[in-house]
Amino acid sequence: MANGNIGTTSATYTDVTRTNIRSLYWGVSAQIAKAKFIAIDTEFTGLVLSNASRVFNLKTTEWVTRATDMREKYRAMSNVAKTHALVAMGLSTFSTRHTRPGSYNVHNFNFLLQSQNSHLINPSSISFLAETGFDLGRQATKGIRYFSGPNPKPVEVKNDTINEEGYLIREVFLDIVRAGVPLVTHNGLFDLVYLYQSFFGPLPDTYESFAFDLSEMFPGGIYDTKIIAEKETPQSASYLAYLFHKSERLQKRRLEGGESALTVKLRDSLVKGNSEPRVRCHLLRSDPPTSKPYCEKPYCETFAQHGNCRYGKRCFKTHDINFILDCQEKEAAAEEELLGAPTVGASVESDTSDKKRKRDDDMDVGGADSPCKLSRMDTVDNLQETVATVAIDGPATEKQDVPVSTPPGKSEKVNGSEPLGLAAEPSLNMYHTAAYDAFMTGYIFASYRLMLEDKMSNYRNKVYIMGSDNPLLIQAGPYARTSVTYHQTMRLMDAAAAAAADAAASADATEAPAAEPPTAEAPAAEPSTTDADIQQNTVQNETPA
């Protein structure tokens, strides 16, 4: 078995805020247009409604997002998306780099957002964002201001700057729709619901119409990497960071073995001359904790299986995913030796099966002679960086691998700009930056796409539904039809495209100067009648307080 201590991947992303969206819009739009597929991730202010004030007089039965009936679940998710808000959107574009399979150029963007609609905030969601490094103060002062709903036509206020910000961020999403390429998510149903409500128009009344709309909006198909992982490697953990690191290791081994392997070049050219700093994310290895002796396994099994742990930083076992994977690979090698059966490194089982637990008991995993028990020196000796399959273009013409750094955090400075740093437990704030999560999602998809080839079509237009064994099928149902919102918004998009074509023809005829970002002017559209609740929340044309 190849050495499991494989290095980690650095990644850069362009931070897009209210101060630079106007200057960056055309660059973002160009990368979307060139993409072979696009990965997205979002952060928002709530997954559920909890402990709502009685003054709202809400029917709590209509807010159960974990309902087993899809109609009830969609109604609850729709209610949450209409009353809460997006705070960040991550976008990762993968375009062709070389003719060989699995070679991509990648641009990552993190859009900091601030909804101008009054909205609810779930305390646990906002605490989670803060604990994982999300800067709420910066979001309040630099977030791109936008209005979601109630009509497909963007809300306009007296402040032209706010109007332009909202129009441009909406155009970014509509550019994704126009691109017609595969859209990739990870456990992305809520992301899709929020994005539709925020930037496309009022959500349809039924999930059948919602699915029909999505199938028309994204003709390249929607793929959910959680669905792919759970079907291809059942009984293995399927949360995002685990799959990403596992994919990294697999691709490096394929490269070392002379097989076709995934290679991506991360580009950051859009940030040249930009007032916002380029942000670098890096997933670090950490030493296993030493405050208590190891018992059973040296890593947190709950975190290894689900990607979270109720004890958080207070857990005395490590949450470092690379260390967990090192340990699991040694466990798998021991099983192979003990049972005389081949073990596939890319499909290490989690401890969810009774058979696996029995094997662990027989092996006394974590005991004095266990191959799983890595020493401190095993980890410290492998802290060196080896960026195997990902390289990054530096400023100007220089090309370089990016050194260790992190998402916006607590201590370091990069180029004298905003502080960057780590919490005590690196894995807690390395993930959940929307741009980096989008990149990990796209990387996982690209890895599976290279290996599965034609089999990827089996996962087209299937989105993971939490608590269900069956995915949501993004397709036209026998009794469904596209919504009023879809027709209104597509009509606006067609009118805007026609206006842009006329402007381009006129510019060619008169040799006009370089184009400015699109303006917020759009043809009027009748109010949507898809949901009477939203109509009551129409925002008045006045500058927000």
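Residues numbered from 1 in each chain as written. Predicted model: local features only at pLDDT ≥ 70, side-chain atom pairs only at ≥ 80, totals over all residues. Heavy atoms only, no water.

Student: How should the overall build of the protein chain be read in this particular structure?
Tutor: In terms of helices and strands, the protein chain carries 17 helices and 15 strands. Considering only contacts within the protein chain whose residues lie at least 6 apart along the sequence, 79% involve residues at least 24 apart. (Helix = DSSP H or I, 4+ residues; strand = E, 2+ residues; numbered from the N terminus. Contact = heavy atoms within 4.5 Å.)

Student: Explain the confidence of the model for the protein chain to me, please; I cannot follow it from the model alone.
Tutor: A low pLDDT means the predicted coordinates there should not be read in detail. On average, residues of the protein chain score 73 in pLDDT, and 65% of them reach the 70 mark or higher. This model gives residues 1–8 a pLDDT under 50, and the stretch forms 29 contacts once residues within four places in sequence are excluded. Across residues 282–295, where pLDDT falls below 50, the model places 57 contacts with residues more than four positions away in sequence or in other chains. (pLDDT = per-residue confidence, 0-100.)

Student: Please clarify how empty space enclosed by the protein should be interpreted in this entry.
Tutor: Empty space among the atoms becomes visible once a probe the size of a water molecule is rolled across them. Under the defined criterion, the tally for this structure stands at six cavities of 30 Å³ or more. When its volume is computed, the largest cavity comes out at roughly 140 Å³. At the level of elements, strand S5 (144–146), helix H5 (160–179) and helix H6 (189–200) are the ones that each hand at least two residues to the lining of the largest cavity. The dominant element in the lining of the largest cavity, judged by the number of residues it contributes, is H5, at five residues. (1 Å grid on protein atoms, 1.4 Å probe; cavity = no way out; pocket = protein on both sides within 12 Å on 5 of 7 lines; lining within 4 Å. Points joined across faces, edges and corners; volume = space filled by probe spheres on them.)

Student: When you look at H6 in this model, what are you seeing that I'm missing?
Tutor: In an α-helix, one full turn covers 3.6 residues, which means residues spaced three or four apart are oriented alike. Between its first and last C-alpha, H6 extends 15 Å over 12 residues, near the 16 Å set by a 1.5 Å rise per residue. The buried fraction of H6 amounts to 12 of the 12 residues, a majority that puts the element mostly inside the structure. Within the span of H6, buried status applies to Leu189, Phe190, Asp191, Leu192, Val193, Tyr194, Leu195, Tyr196, Gln197, Ser198, Phe199 and Phe200. Trailing H6 by a residue or two, glycine 201 shows a phi angle of about 155 degrees, which is positive. (Expected span 1.5 Å × (residues − 1). Buried < 20%, exposed > 50% of the residue type's maximum accessible area, 1.4 Å probe, protein only.)

Student: Would you explain the pairing of strand S8 (residues 263–266) in this entry?
Tutor: Regular strands place side chains that alternate from one sheet face to the opposite one. Of the two faces of S8, the one lined by Thr263 and Lys265 and the one lined by Val264 and Leu266 are each fully buried. Taken together, the four bridges between strand S4 (residues 103–115) and S8 define a ladder with parallel strand orientation. By the bridge assignment for S8, tyrosine 104 is matched with valine 264. (Pairing = 2+ DSSP bridges.)

Student: Sorry if this is basic, but what is going on with the packing of aromatic side chains here?
Tutor: How two aromatic rings sit relative to each other is set out by the distance from centre to centre and by the angle between their planes. Per the counting criterion, the structure on display carries 24 aromatic pairs. When the ring of phenylalanine 44 is compared with that of phenylalanine 190, the centres are 5.7 Å apart and the planes differ by 40 degrees; the resulting orientation is tilted. With a gap of 146 residues between them, phenylalanine 44 in strand S2 (residues 37–44) and phenylalanine 190 in helix H6 connect regions that are remote in the sequence. Accessibility assignment for this pair places phenylalanine 44 and phenylalanine 190 in one class, buried. Ring geometry for tyrosine 223 against phenylalanine 445: centres 5.2 Å apart, planes inclined by 55 degrees, an arrangement best described as tilted. Note that tyrosine 223 is positioned in strand S7 (residues 222–224) and phenylalanine 445 in helix H15 (residues 434–452), a separation of 222 residues in sequence. Across the pair, exposure class does not vary: tyrosine 223 and phenylalanine 445 are buried alike. Through a chain of ring-to-ring contacts, the aromatic side chains of Phe37, Phe94, Tyr104, Tyr223, Phe244, Tyr436, Phe439, Tyr443 and Phe445 assemble into a single cluster. (Phe/Tyr/Trp six-rings, centres within 6.5 Å; stacked < 30°, edge-to-face > 60°.)

Student: Can you walk me through the pattern of salt bridges in this structure?
Tutor: Where charged atoms of side chains with opposite charge meet at close range, the side chains can pair. Here the structure, examined in full by the defined rule, presents 10 salt bridges. In this structure, the salt-bridge partner of arginine 145 is glutamate 165, at a minimum N-O distance of 2.6 Å. Of this pair, arginine 145 sits in strand S5 while glutamate 165 sits in helix H5, and the two are 20 residues apart along the sequence. One exposure class covers both arginine 145 and glutamate 165, and it is buried. Of the charged contacts, one joins arginine 178 and glutamate 171 as a salt bridge, the two residues approaching to 3.2 Å between their closest N and O atoms. Classification of arginine 178 by relative accessible area gives partly exposed; the value is 36%. One salt-bridge network, held together by shared partners, links Glu171, Asp175 and Arg178. (Salt bridge = Lys/Arg side-chain N within 4 Å of Asp/Glu carboxyl O.)

Student: Where do I start with the nonpolar core in this structure?
Tutor: In globular proteins that are soluble, nonpolar side chains generally tend to be buried together. Leu91, Phe111 and Ile169 are the most contacted members of the largest nonpolar core, which has 59 residues in total. Take this core: its biggest share by element is nine residues, from H6. Setting aside chain neighbours within four positions, we find isoleucine 169 in contact with Ile21, Met89, Phe111, Leu113, Ile144, Tyr146 and Phe199. Judged by nonpolar contacts, the second largest core, of 30 residues, contains Tyr104, Tyr448, Leu452 and Met456. (Core = buried A, V, L, I, M, F, W, Y, C linked by side-chain atoms within 4.5 Å.)

Student: Looking at this model, I keep getting lost on helix H2 (residues 70–83). Mind explaining?
Tutor: A rise of 1.5 Å per residue sets the reference length of H2, with its 14 residues, at 20 Å; its end C-alpha atoms lie 20 Å apart and thus fit the reference within 8%. Taken together, the buried positions of H2 are Met70, Lys73, Tyr74, Ala76, Met77, Ser78, Asn79, Val80 and Ala81. Where H2 is buried, its residues meet H6, helix H7 (207–217) and strand S15 (472–473). The distance from a side-chain oxygen at the start of H2 to the backbone nitrogen of arginine 71 is 3.1 Å, and the residue carrying that oxygen is aspartate 69. (Polar contact = N/O pair within 3.5 Å; in protein donor to acceptor, adjacent residues only side chain to side chain.)

Student: Before we go on, may I ask you to explain unusual backbone geometry in this structure?
Tutor: As a rule of thumb, non-glycine residues mostly have phi less than zero, and peptide bonds are mostly trans rather than cis. Residues other than glycine seldom take positive phi values, yet asparagine 187 does so here, at roughly 50 degrees. Mapped onto the elements, asparagine 187 comes out in the loop between strand S6 (183–185) and H6. The phi angle at asparagine 461 is positive, at roughly 60 degrees, despite the residue not being glycine. Looking at the element boundaries, asparagine 461 is found in the loop between H15 and strand S14 (462–463). Judged by its relative accessible area of 14%, asparagine 461 is buried.

Student: Any chance you could explain the packing of helix H1 (residues 21–34) against H5 here in plain terms?
Tutor: If you want to describe how two helices pack, look at the angle between their axes and the distance between the axes. Two elements in contact, H1 and H5, have axes whose closest approach is 10 Å; the angle formed by their N-to-C orientations is 5 degrees. On the basis of the axis angle, H1 is roughly parallel to H5. The segment H1 lies against H5, with Ile21, Arg22, Tyr25, Val28, Ser29 and Ile32 engaging Glu164, Glu165, Leu168, Ile169, Glu171, Val172, Asp175, Ile176 and Ala179. Considering only residue class, the contact of H1 with H5 consists of nine nonpolar, one polar and five charged. (Axes fitted to C-alpha atoms, helices over the stretch in contact; angles between N-to-C directions. Parallel < 35°, antiparallel > 145°, perpendicular 65-115°, else oblique. Nonpolar A, V, L, I, M, F, W, Y, C, P; charged D, E, K, R; others polar.)

Student: Explain the environment of serine 198 to me, please; I cannot follow it from the model alone.
Tutor: As for its placement among the helices and strands, serine 198 is situated in helix H6. Of the residues examined, serine 198 reaches a relative accessible area of 6% and is grouped as buried. Between the C-alpha atoms of serine 198 and leucine 86, which are 112 residues apart in sequence, the distance is 7.6 Å. Filtering out sequence-adjacent residues up to four positions away, serine 198 remains in contact with Leu86, Tyr146, Phe147 and Ser148. Among the polar contacts listed, one links the side chain of serine 198 to the backbone oxygen of tyrosine 194, at a separation of 2.8 Å.

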